[in-house]
Amino acid sequence: MNNLTSSESSLNNFFIKDGIYFPHNYEQLKKTKDKQVWDKIGETYYSSNQILDTIVESSSKQDYKLLTGTPGGSWNKFPIDQSVNSILEIGCGYGRIPLYLSKAKNLKCKKYYGIDISESLLKRLIKIKEIYDFFPNSEFNLICNSAEMLPIEENSIDLVISNCVFMHMPYEKVITLLHQIGRVLKPGGLFFFNHSFHNSYCPSHIIHNWVRKLNISDKNQTYLKQYTATEIQELLITSGIAAKCQQYTVEPTTEYAILPGMIKGVQIPFTRIINRSIKPRGWMKQILAYGYSAYTT
């Protein structure tokens, strides 16, 4: 995998090991709550470790869809046969989305930056890149760090992508991260944040919030603030992203929820069947939608 030299990037305060950039204060980062939570999640994230082991041990290469599934939501609207110079992915994980975009949407790029706080997921991404060679002939730069600190030059990125990441970050970090994205994005650049914000009107979230308030010891770090469409618009404006990408939309997801699937580790019976049966119309979509996506049009 190719990597940027220190003379052409802002990764001077990072060291590279096994194809991954780490900050010099990595030992301190490993002591933080966020890092510990996501390192643990990353060890078995959606069974991607087991699936990857099966592929590596197989005598014949299996279909990439075994790892990606078919990402839905706003990714269905991502155009085909596009080419950009540089891509930045926030919370890249094991590479599920770039693998899908490269293979299913024929997206091409010259440089790919992937940032994730989980070292285990980034190592998995490297293996998947070796097997499937998504974004062939592209320069890969994988960064293990907290996402709201982007060691990337101002006005240097053509396309920023993210999938279900901001919803797992505290509000203050979301603000910081969006300002960072606004800084590194080129004028006229593109962004695609699929299913990135929880909907504050969604009954499922309201019930979850009520239960959490009753239990002050519940500090789930992966279930945080929810937003209205207006609040998301304001975030895009104040961060500077809207000024660089004037044609964009904020839309409710097509996943709806009245009841949470689980409360305090206890599965709620028939929740999935009930939620999948919801077919709202008009303004009710914004009430019952599980979350929001935002992307340039």
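The structure presented is a predicted model; accordingly, all values stated were derived computationally and were not measured.

Caption draft 1: Looking closely at the overall build of the protein. Each helix and strand in the protein was counted, giving 12 helices and 12 strands. The C-alpha atoms of the protein give 19 Å as radius of gyration, which agrees with the globular expectation for 297 residues (19 Å, within 12%). Principal-axis analysis of the C-alpha atoms gives the protein an extent of 50 × 45 × 40 Å. Taking all 297 residues of the protein together, 49% fall into the buried category. When contacts within the protein are restricted to residue pairs at least 6 apart in sequence, those whose partners lie at least 24 apart make up 80%. Total accessible area on the protein stands at roughly 14900 Å², and carbon and sulfur atoms take up 52% of it. Placing the 33 positive and 26 negative side-chain charges of the protein at their respective mean positions leaves the two points 6 Å apart.

Caption draft 2: Fine view of the layout of surface pockets. Considered as a void within the structure, the second largest pocket measures approximately 160 Å³ in volume. Lining the second largest pocket are Ser-10, Asn-13, Phe-14, Pro-23, Asn-25, Leu-29, Asn-145, Met-149, Leu-150 and Pro-151. Looking at the lining of the second largest pocket residue by residue, the classes come out as 6 nonpolar, 4 polar and no charged.

Caption draft 3: Region of interest: helix 2 (residues 33–43). All buried positions along helix 2 are accounted for by Asp-34, Lys-35, Val-37, Trp-38 and Gly-42. Looking down the long axis of helix 2, one finds its buried residues gathered within 165° of arc, a one-sided arrangement. Set apart from the buried face of helix 2 by more than 90 degrees, the exposed residues are Lys-33 and Lys-40. Looking at the packing, one finds that the buried side of helix 2 touches helix 1 (26–29), helix 6 (119–132), strand 5 (139–144) and helix 7 (171–184).

Caption draft 4: Here's a closer look at the packing of aromatic side chains. Under the definition given, this model contains 16 aromatic pairs. Between Phe-134 and Phe-135, the aromatic rings sit 6.1 Å apart at their centres with planes inclined by 65°, giving edge-to-face as the arrangement. Judged on exposure class, the residue Phe-134 and its partner Phe-135 are both buried. Seen in terms of ring centroids, Phe-191 and Phe-193 are 4.8 Å apart; in terms of plane orientation they differ by 35°. Their pairing is tilted. With a relative accessible area of 1%, Phe-191 lands in the buried category.

Caption draft 5: Local environment of helix 7. The terminal C-alpha atoms of helix 7 lie 20 Å apart, and with 14 residues this matches the ideal 20 Å at 1.5 Å per residue to within 8%. Among all positions of helix 7, only Val-174, Leu-177, Leu-178, Gln-180, Ile-181, Gly-182 and Val-184 are buried. Where the residues of helix 7 are buried, they touch strand 3 (83–90), strand 6 (157–163), strand 7 (185–199), strand 8 (226–227), helix 9 (229–238) and helix 10 (241–244).

Caption draft 6: Structural context of the confidence of the model for the protein. The pLDDT averaged across the protein works out to 88; a share of 92% of its residues lies at or above 70. In this model, residues 2–8 is a region of pLDDT below 50 whose contacts with residues beyond four sequence positions or in other chains number 17 contacts.

Caption draft 7: Spotlight on the nonpolar core. With 40 residues, the main nonpolar core has Ile-87 and Tyr-112 as its most contacted residues. Setting aside residues up to four positions removed in sequence, Ile-87 forms contacts with Leu-107, Cys-109, Lys-111, Tyr-112, Tyr-113, Phe-135, Ile-157, Leu-159 and Ile-161. Membership of the second largest hydrophobic core comes to 37 residues, among which are Phe-14, Ala-147, Val-174 and Val-184.

Caption draft 8: Representation of the pairing of strand 7. Most of strand 7 is tucked away: 11 of the 15 residues are buried. As defined by bridge partners, strand 6 adjoins strand 7 across 6 bridges and the pair is classed as parallel. Each bridged residue has a counterpart across the sheet, and for Asn-163 the counterpart in strand 7 is Asn-194. Relative to strand 8, strand 7 runs parallel, the two being bridged by 2 bridges. Note that in strand 8 the partner of His-198 across the bridge is Gln-226.

Criteria and thresholds
Residues numbered from 1 in each chain as written. Predicted model: local features only at pLDDT ≥ 70, side-chain atom pairs only at ≥ 80, totals over all residues. Heavy atoms only, no water. Helix = DSSP H or I, 4+ residues; strand = E, 2+ residues; numbered from the N terminus. Rg over C-alpha atoms; globule rule 2.2 N^0.38 Å. Buried < 20%, exposed > 50% of the residue type's maximum accessible area, 1.4 Å probe, protein only. Contact = heavy atoms within 4.5 Å. Areas by Shrake-Rupley, 256 points an atom, 1.4 Å probe, with all protein chains shown as cover. Lys, Arg positive; Asp, Glu negative; His and termini not counted. Charge placed at Lys NZ, Arg CZ, Asp CG, Glu CD. 1 Å grid on protein atoms, 1.4 Å probe; cavity = no way out; pocket = protein on both sides within 12 Å on 5 of 7 lines; lining within 4 Å. Points joined across faces, edges and corners; volume = space filled by probe spheres on them. Nonpolar A, V, L, I, M, F, W, Y, C, P; charged D, E, K, R; others polar. Arc of directions from axis to C-beta. Phe/Tyr/Trp six-rings, centres within 6.5 Å; stacked < 30°, edge-to-face > 60°. Expected span 1.5 Å × (residues − 1). pLDDT = per-residue confidence, 0-100. Core = buried A, V, L, I, M, F, W, Y, C linked by side-chain atoms within 4.5 Å. Pairing = 2+ DSSP bridges.

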